[in-house]
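Each chain, letter by letter, is given below.
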Amino acid sequence: KKALASPRPELHERPWLRFGDLYVELPWQGALRDNSSAAINNLRRLGQQRGEFRGETANIEKRLAGLLEGRGFRVVLNWEPADRLAGEVDLIAARDGVLLVIEVKSTFLRRSQREAWAHRNSTLRRAGHQLRRKFAAVVEAVAADDPGLGIPLGFSPGAKPVEAIGWIVDTSIECDHERFDGFLKLSVDELLIALRDDGHLLNGGIATSFPPSPDAVATLYPRGFHAKALIAAIEQQAVWGVIAAGKS
């Protein structure tokens, strides 16, 4: 059988050449490249077989969990449903009677329309199918008063979520705010910004003094933070609306 070709780095990802033991750097490539994108693609696209790969994804999940807990959510990580076919659920959070089921995808930055199309029609479509089963398993377990899930999430026996939402949260921005099997896909960046309420920083900030006055900083939650306010900010793309408002 023909061996599968390993990913080949682009010059913007590794702007140097190797001749035996000699490495030659291409300074014009190094000066112009997007260093953050190059670093991500070195780790996630070219280094998929590294032992640290799974640990890095777990750290993303833990970081999101920590921010959700800081916002008053009760969080359960890596829950295993009774239906083994559903697979491990990355992150479940609940607050104000609202249940969030999140499928985390840690991928690389696509370099072409062809790669973005493949990402949409393979990884994200598959994530939607996976989340469909996981979402159903979580909702069923909470409704059945599963003590290993309902109580850690803050649901008392007999209590049911007033709303249940499923999200696909991906480290890449391709296909943001499209739906796969009915579930919204958004980027990790957007969720981090929404949880930290840092949308105003995307437009350079609006503070006129240093240190900035709390009244001078815009907020995504003028009526206070709660679970439905977070969902509204995400679904209405309020984070990116700050940029649009700054350009108008």
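Criteria and cut-off values
Residues numbered from 1 in each chain as written. Predicted model: local features only at pLDDT ≥ 70, side-chain atom pairs only at ≥ 80, totals over all residues. Heavy atoms only, no water. Helix = DSSP H or I, 4+ residues; strand = E, 2+ residues; numbered from the N terminus. Buried < 20%, exposed > 50% of the residue type's maximum accessible area, 1.4 Å probe, protein only. Contact = heavy atoms within 4.5 Å. Areas by Shrake-Rupley, 256 points an atom, 1.4 Å probe, with all protein chains shown as cover. Core = buried A, V, L, I, M, F, W, Y, C linked by side-chain atoms within 4.5 Å. Phe/Tyr/Trp six-rings, centres within 6.5 Å; stacked < 30°, edge-to-face > 60°. Lys NZ or Arg CZ within 6 Å of the ring centre and 35° of its normal. Salt bridge = Lys/Arg side-chain N within 4 Å of Asp/Glu carboxyl O. Pairing = 2+ DSSP bridges. Axes fitted to C-alpha atoms, helices over the stretch in contact; angles between N-to-C directions. pLDDT = per-residue confidence, 0-100.

**Student:** What should I look at first to understand the overall build of the protein in this one?
**Tutor:** Broken down by element type, the protein carries 7 helices and 8 strands. Relative to its 248 residues, the protein shows a buried fraction of 39%. A separation threshold of at least 6 residues defines the contact pool for the protein, and within that pool the share at least 24 residues apart is 61%. Accessible area of the protein: about 14,100 Å², with a carbon and sulfur share of 54%.

**Student:** Can you help me understand the nonpolar core in this one?
**Tutor:** Soluble globular proteins: nonpolar side chains tend toward being buried together. Ranked by size, the top nonpolar core spans 32 residues in total, and within it L68, F73, W167, L191 and L230 carry the most contacts. Every element with two or more residues in this core is listed here: α3 (53–70), β4 (89–95), β5 (98–105), β6 (163–170), β8 (183–187), α5 (188–196) and α6 (227–235). Ranked by residue count, the leading element in this core is α6, at 6 residues. W167 has contacts with L100, V101, I102, E103, L131, L184, L186, L191, L230, I231 and I234, leaving out every residue within four places of it along the chain.

**Student:** How should I be thinking about unusual backbone geometry in this particular structure?
**Tutor:** Note on backbone geometry: most residues besides glycine have negative phi, and most peptide bonds are trans. Backbone geometry at D181 places phi at a positive 55°, although glycine is not the residue there. Locating D181 in the fold gives a position in the loop between β7 (179–180) and β8. The phi dihedral of Q237 falls on the positive side, at around 55°, and the residue is not glycine. In this structure, Q237 sits in the loop between α6 and α7 (238–247). Given the relative accessible area of 37%, Q237 is considered partly exposed.

**Student:** It is not clear to me how the side chain of T123 should be interpreted in this structure. Could you clarify?
**Tutor:** Secondary-structure assignment places T123 in helix α4 (residues 113–143). Look past the residues within four positions of T123 in its chain and what remains in contact with it is T107 and A118.

**Student:** Just to check I follow, could you spell out the packing of aromatic side chains for this structure?
**Tutor:** Aromatic ring pairs: the centre-centre distance and the angle between the two ring planes describe each pair. With the rule as written, the count across this model stands at 3 aromatic pairs. For the ring pair F73 and F225, a centre distance of 6.4 Å and an interplane angle of 75° mean the geometry is edge-to-face. One end of the pair, F73, is in the loop between α3 and β3 (74–79); the other, F225, is in the loop between α5 and α6, and 152 residues separate them in sequence. By the burial criterion, F73 is buried, and F225 matches it. Lying over the aromatic face of F225, R71 brings its terminal NZ or CZ to 4.4 Å of the ring centre.

**Student:** It is not clear to me how the pattern of salt bridges should be interpreted in this structure. Could you clarify?
**Tutor:** Two side chains carrying opposite charge are able to pair once their charged atoms lie near each other. If you walk through the whole model with that rule in mind, you get 9 salt bridges. Across the salt bridge formed by E80 and R84, the nearest N and O atoms sit 3.4 Å from each other. Classification of E80 as partly exposed rests on a relative accessible area of 42%. Assessed through its relative accessible area of 64%, R84 is described here as exposed. Among the salt bridges present, the one from R133 reaches D83, with a minimum N-O distance of 3.3 Å. Linking R133 in helix α4 with D83 in the loop between β3 and β4, this pair joins segments that are 50 residues apart in sequence. On the basis of relative accessible area, D83 is assigned to the partly exposed category, the value being 33%. One network of salt bridges, with partners in common, ties together E103, K105 and K134.

**Student:** Is there a simple way to think about the sheet that holds β4 in this case?
**Tutor:** Strand pairing in a sheet is mediated by backbone hydrogen bonds. Such pairs are either parallel or antiparallel. Judged by pairing direction, the sheet is mixed, and its 6 strands sit side by side in the order β3-β4-β5-β6-β8-β7 without closing on themselves. Looking at which strands have only one partner, the edges of the open sheet turn out to be β3 and β7. Taken strand by strand, α4 contacts β3, β4, β5, β6, β7 and β8, and its axis lies near 150° from that of β6.

**Student:** Is there a simple way to think about the confidence of the model for the protein in this case?
**Tutor:** As a general rule, the predicted coordinates of low-pLDDT regions are not to be interpreted in detail. Mean pLDDT over the protein stands at 81; residues scoring 70 or higher make up 72%. In the predicted structure, residues 206–213 sits below a pLDDT of 50 and forms 6 contacts with residues beyond four places in sequence or in another chain.

**Student:** What is the right way to look at the pairing of β4 in this model?
**Tutor:** Side chains on a regular strand alternate between the two faces of the sheet. Summarising burial for β4: 6 of the 7 residues are buried, a large majority. Summarising the sheet, β3 and β4 pair through 5 bridges and their orientation is antiparallel. Looking across to β4, one finds that V76 is bridged to I92. Pairing of β4 with β5 involves 5 bridges; the strand directions are antiparallel. When the sheet's bridge partners are listed, A94 is paired in β5 with L99. Between β4 and β5, which pair antiparallel one after the other, the connecting turn spans 2 residues, and D96 there sits at a positive phi close to 55°.

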